[in-house]
Amino acid sequence: MGGVVERVVIRHLSGSKANQIEQLPIGDLKEITIGRDPTSKIAFDPTIDGVVSRQHAVIRIEGEGDDLKFKLIDLNSSNGTFLNGQRISQDAELLPEDKVELGGAKGPKFTFDLQPRPASFAARTRVIGIDDSAATRLIETAQTAASTAVAQISSTSTQAPSHKSGVGQETVQRLIVEERRSVSRTWGAVAAGLLAFIALGGGAVYWKQIKDDERHQADLADVKADAKHADQRSAALQGEVKTNLIGMTPLDIYNKYSNATARIDLRWRLFDTQTGKPIFHQTFRFGKDTLPAYVRLPNGKVVRWLTLEDDQRSNLQIAGAGRGSGFVISEQGYLLTNKHVAAGWKVTYDSPRLGYVFDLGGGPGARNAKLRKPVGVIDLESEDYADLNMWVPEAGGVIFPSSVAIPIGRNNIPDLTRNEQRTFEGRNEQLEVRFPGARLGVNAALVRASADSDAALIKIDSPQLLEKVELADDDQVTIGEKVIVLGYPGISVENVQRQVTVENGLTRVQNEVIPEATVTDGIVSKLSTGYKEKDGVTLTSAGERIQLSVLATGAGNSGGPVFNANGKVIGLFTYSRSRGDARVTLAVPIKFGRDLLRTQRN
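Remember, it's a predicted structure, so these values are computed and weren't measured experimentally.

Before going further, it helps to examine unusual backbone geometry. Cis peptide bonds are those with omega within 30 degrees of zero, and the linkage from Gln115 to Pro116 qualifies with -20 degrees. The topology assignment puts Pro116 in the loop between strand 11 (109-115) and helix 1 (133-158). One non-glycine residue, Asn19, adopts positive backbone phi at about 70 degrees. With respect to the helices and strands, the residue Asn19 is situated in the loop between strand 1 (7-12) and strand 2 (21-25). You can call Asn19 exposed: its relative accessible area is 67%. Even without being a glycine, Asn76 presents a positive backbone phi close to 55 degrees. Examined against the element boundaries, Asn76 turns out to sit in the loop between strand 6 (69-74) and strand 7 (81-83).

Pasting the structure below:
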């Protein structure tokens, strides 16, 4: 592009670029874009300069040489573009020293200039703004007074008196005296007008100076506020950069989310749906050993000897108790935990390894002496009895009397292929949630348990809104990535507080355990898929799991949140496995927890 002008000079007065100068060579440039879009020629900070639109305005360059022109155009911005204090609605010509405001008084401001500035580009004639109306009125008053005085002089000097012939000397002298008095009065008025003009003009200048100072102070305050905001944003950005590069530390996770992680105390029992009675596993003593009993049916299938009787409390109650962890996912009191914590009857039951097996009709009360003793001892870890080892209590079973292995029911020998066995249900007798530092727990209720994995949703009634964790939005988990776990493992050191209470005049001293979450960290060491088919080959697994290197934890941590480096929950800590001196821990992917929050299909 030809012409004398080499560059456009932008002097930033306020905003994220306050006190900066941008020089834009013209060359073949046809327009200068302005906005928060990073591709803009004059780009503003997307956070600090929030009133600026992404594509706010443009300076269009037209003509060449002496015909060079610059026009400011608003691009339908949300908060408007202002030229010298006036909002523009159409193309506006830009001249050197013009002030441009983006988004009004709270938006960034800059002045427009050219280098070198050709003679044809004189600065715009300064017009007294609306803020100077008082000064304008003062100046106009002074000018009116002066104009009136001068007009009187002109009127007096131009009027020629008419004289009649034969006027006497006395008449002439009287006319001269009156003329001199008139001239004196006129010059007095002129002098008074001039003095009034000087006084009022000085007042106007003083008034204008005050208004200029006020505007300067306001601009200075805006600049300071913008600088403070920029410093705060810079500190926040540094924190974000640190988090993105390094990730949250275990201390960061603990400080932010330990309050949202709770200890869960549990106790459940299994009941027969037909009678409503609790269910027990029958035991017998032969020699020195007391073992649970099993019954071998005619088809060779071995089942548990379940009974509704408890012989002098010698039988094993089908029940569970213990401690787990959970975490708040809703301010209204919803928590996620493991299914084996919130509904133990819905997962495989942990039975003693060894047991006596009897043929059908056997047991101490059998009529046939040969059937009174067990036919052998079984090992549940043997592959022959894998189905017994994987028994889920709510799946049901066969009920026998406590003395002889004869099934109670419609048929003496139930047809298991026709599901002629009793149905059972589990009930939580205790499901109590305690938060860090709390002396009292809150009763929880089971909402629903996952049909696909070891995850469950529970609910408490809380009089206050609860702090919650943030769940990962996707299922992206990478081997080797950093993880941090919160929970209440039983192996951790407990905080004990001595409490002194007075009830009915009696003083009681007791030690109470006050729960505090434990934080551990590690990495994702392996990912395990569920049942999956690939290239015609079925890969089997015990379920989709995340294997961790988090070893400084244990029983009681089940159901605790597993965080990634960004502080998002990617899984539920589930359990650990040991073989010799080796030990690994496992977690359930958070997608199974998210599924529990959907009551309807999407």
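This brings us to the sheet that holds strand 13 (residues 280-281). Strand order in the open sheet formed by 3 strands is 17-13-18, with antiparallel pairing between adjacent strands. Each having just a single partner strand, strand 17 (306-307) and strand 18 (316-317) make up the two edges of the open sheet. Bridge count between strand 13 and strand 18: 2 bridges; the pairing is antiparallel. Paired with Phe280 across the strands is Gln317, a residue of strand 18.

Within the secondary structure, Thr307 is located in strand 17. One polar contact links the side chain of Thr307 to the main-chain carbonyl oxygen of Phe400, over a distance of 3.1 Å. Discounting chain neighbours no more than four positions away, the residues touching Thr307 are Pro278, Ile279, Phe280, Gln282, Asn315, Ile399, Phe400, Pro401 and Ser402.

Enumeration over the complete set of coordinates arrives at 11 aromatic pairs. With a centroid separation of 5.1 Å and 15 degrees between ring planes, the pair formed by Tyr257 and Phe563 is classed as stacked. Residue Tyr257 is found in helix 3 (residues 250-257), and its partner Phe563 is found in strand 33 (residues 561-564); the two are separated by 306 residues along the sequence. For Tyr257, a relative accessible area of 2% corresponds to the buried category. Aromatic pair Trp268 and Tyr349: ring centres 6.3 Å apart, planes at 75 degrees, arrangement edge-to-face. Here the residue Trp268 occupies a position in strand 12 (residues 261-272), and Tyr349 occupies one in the loop between helix 4 (339-342) and strand 21 (354-359), the gap between them amounting to 81 residues. The same class applies to Trp268 as to Tyr349, namely buried.

Examined against the element boundaries, Tyr575 turns out to sit in strand 34 (residues 569-579). Judged by relative accessible area, which is 33%, Tyr575 ranks as partly exposed. Measuring from C-alpha to C-alpha, the distance between Tyr575 and Val588 comes to 9.5 Å, with 13 residues separating the pair along the chain. Setting aside its immediate chain neighbours within four residues, Tyr575 contacts Arg545, Val584, Thr585 and Leu586.

Calculation notes
- Residues numbered from 1 in each chain as written.
- Predicted model: local features only at pLDDT ≥ 70, side-chain atom pairs only at ≥ 80, totals over all residues.
- Heavy atoms only, no water.
- Helix = DSSP H or I, 4+ residues; strand = E, 2+ residues; numbered from the N terminus.
- Buried < 20%, exposed > 50% of the residue type's maximum accessible area, 1.4 Å probe, protein only.
- Pairing = 2+ DSSP bridges.
- Polar contact = N/O pair within 3.5 Å; in protein donor to acceptor, adjacent residues only side chain to side chain.
- Contact = heavy atoms within 4.5 Å.
- Phe/Tyr/Trp six-rings, centres within 6.5 Å; stacked < 30°, edge-to-face > 60°.

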